[in-house]
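# Chain and residue survey
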Amino acid sequence: MTDETEITLTVNGTEHTVEVEPRQLLVHAIREELDMTGTHIGCDTGNCGACTVVKDGEPIKSCLMFAAQADGAEILTVEGMEDLPEAGPELHPLQEGFKEEHGLQCGYCTPGMLMAGKALLDENPDPDEDDIREAISGNLCRCTGYQNIVKSIEYAADELEGRTATDGGAVAENGRDAETAFDSESADADTFCGVEDCCGGPSADDAGPGDQFEREYLGGDSE
Ligand code: FES
Ligand code: FES
């Protein structure tokens, strides 16, 4: 029989008391005890960043910490993003950015990328490209080549600074920059997202509020 320890975690603003085994990792407590499966597990060894959450304001890989070590911590996971004060009526600006700038394809890395981006923008609201690349350097993405992830975080920084928001925080049509934003109307018929030989991942243009795209890829409601 394994002794269990009672710990308290405040996750997305809600306090939870859970019993955990001493060897239980924080990521497993979040997913299995709290049933928040938006935080993904890629490697379980600290290499991929899929399990990134924000703990007491810092991005951490939740597979590298025992749950018991996080007793008393405040944790933000992807499920809490849309309830943050800076979130729009449907999505957080970072989620909007990933949607508008095509910052995801399979979406597996996305919750961790969002958390890394959130921690960065809290610390540095006006990051340059190098800052962003450094902030996500512990998060692997096998699909996107990172370029659109960088653009997504830049988009969120602009949105949060109110540089492009013209209607109280909603996203301007086709993104923040008229020169670089993708115009689906004029895209070549043989490209999907505006990128030559794109993989054909989920199209943001097909997405609407509350649909599968947002649930599975941006809201983190996936296994
Ligand atoms: Fe934690 Fe990969 S699952 S870093
Ligand atoms: Fe990043 Fe697939 S691993 S979108």
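Bear in mind that the values here come from a model prediction, so they are computed numbers and not experimental data.

### A few points about the sheet that holds strand 3 (residues 52–55)
- Strands sit in the order 2-1-5-3-4 across an open sheet of five strands; the sheet is mixed. With partners counted over all chains shown, the strands left at the sheet margins are strand 2 (14–20) and strand 4 (58–61), one partner each. Recorded for the sheet is a direction-independent mean angle of 40° between the axes of neighbouring strands.
- Where strand 3 lies against strand 5 (residues 74–76), two bridges are found, and the strand directions are antiparallel. Of the residues in strand 5, the one forming a bridge with lysine 55 is isoleucine 75.
- Relative to the sheet, helix 3 (residues 110–123) contacts strand 3, strand 4 and strand 5, its axis offset from that of strand 3 by approximately 35°.

### Let's talk about unusual backbone geometry
- The phi torsion at histidine 102 lies on the positive side, around 55°, for a residue other than glycine.
- By relative accessible area, which is 14% here, histidine 102 ends up buried.

### Let's talk about the pattern of salt bridges
- Enumeration according to the criterion identifies five salt bridges in this entry.
- As a salt-bridge pair, aspartate 56 and lysine 55 come within 3.5 Å of each other at their nearest N and O atoms.
- Since its relative accessible area comes to 47%, aspartate 56 is described here as partly exposed.
- Residue lysine 55 is classed as buried on the basis of its relative accessible area of 16%.
- Salt-bridge contacts for arginine 133 lead to glutamate 129; the nearest nitrogen and oxygen are separated by 2.8 Å. Placement of the pair is arginine 133 and glutamate 129 together in helix 4 (residues 129–135), with a separation of four residues, close to one helical turn.

### Observations concerning the nonpolar core
- Counting residues in each nonpolar core, the largest one holds 24 residues, and the members touching the most others are Leu94, Phe98, Met113, Ile136, Ile149 and Ile153.
- When contributions to this core are tallied by element, the ones reaching two or more residues are helix 2 (93–100), helix 3 and helix 5 (147–160).
- For this core, the two domains that each supply at least three residues are domain 1 (5–80) and domain 2 (84–166).
- Setting aside its immediate chain neighbours within four residues, methionine 113 contacts Phe98, Ile136, Asn139, Leu140, Cys141, Tyr146 and Ile149.
- Of all hydrophobic cores here, the second largest spans 17 residues; its members include Leu9, Val11, Leu34 and Ala67.

### Observations regarding the side chain of lysine 55
- Mapped onto the fold, lysine 55 is located in strand 3.
- Leaving out residues up to four positions away in the same chain, lysine 55 has contacts with Ile60, Met65, Ala70, Ala73, Glu74 and Ile75.

### Focus: the environment of isoleucine 153
- Its location among the elements puts isoleucine 153 in helix 5.
- It is 9.9 Å that separates the C-alpha atoms of isoleucine 153 and arginine 133, two residues lying 20 residues apart in sequence.
- Residue contacts for isoleucine 153: discarding those within four places in its chain leaves Leu94, Phe98, Gly117, Leu120, Leu121, Ile132 and Ile136.

What counts as what
- Here the residue numbers are simple positions, counted from 1 along each chain's written sequence.
- Here every chain gets a letter starting at A, and every ligand a number starting at 1, in the order they are written.
- In keeping with the predicted nature of the model, local features appear solely for residues at pLDDT of at least 70, side-chain atom pairs appear and are counted solely at 80 or more, and the whole-chain, interface and lining totals rest on all residues.
- Hydrogen atoms and water are omitted, and side-chain values are computed over all heavy atoms in the structure.
- At least two DSSP bridges between two strands are needed for those strands to be called paired.
- A run of H or I in DSSP becomes a helix once it reaches four residues, and a run of E becomes a strand once it reaches two; helices and strands are each numbered from the N terminus.
- Every axis corresponds to a line fitted to the C-alpha atoms, with the helix fit spanning only the stretch in contact, and the corresponding angles, defined between N-to-C directions, vary from 0 to 180 degrees.
- We call two residues in contact whenever any of their non-hydrogen atoms come within 4.5 Å of each other.
- Throughout, exposure labels follow a simple rule: accessible area from a 1.4 Å probe, protein chains only, divided by the maximum for the residue type, with under 20% read as buried, over 50% as exposed, and the rest as partly exposed.
- Salt bridge, as used here: a side-chain nitrogen of Lys or Arg that lies within 4 Å of a carboxyl oxygen of Asp or Glu.
- Here, nonpolar core refers to any group of buried Ala, Val, Leu, Ile, Met, Phe, Trp, Tyr and Cys residues whose side-chain atoms link them within 4.5 Å.
- Residue ranges assigned to each domain were obtained from an automatic or database domain assignment.

These figures capture arrangement, not role.
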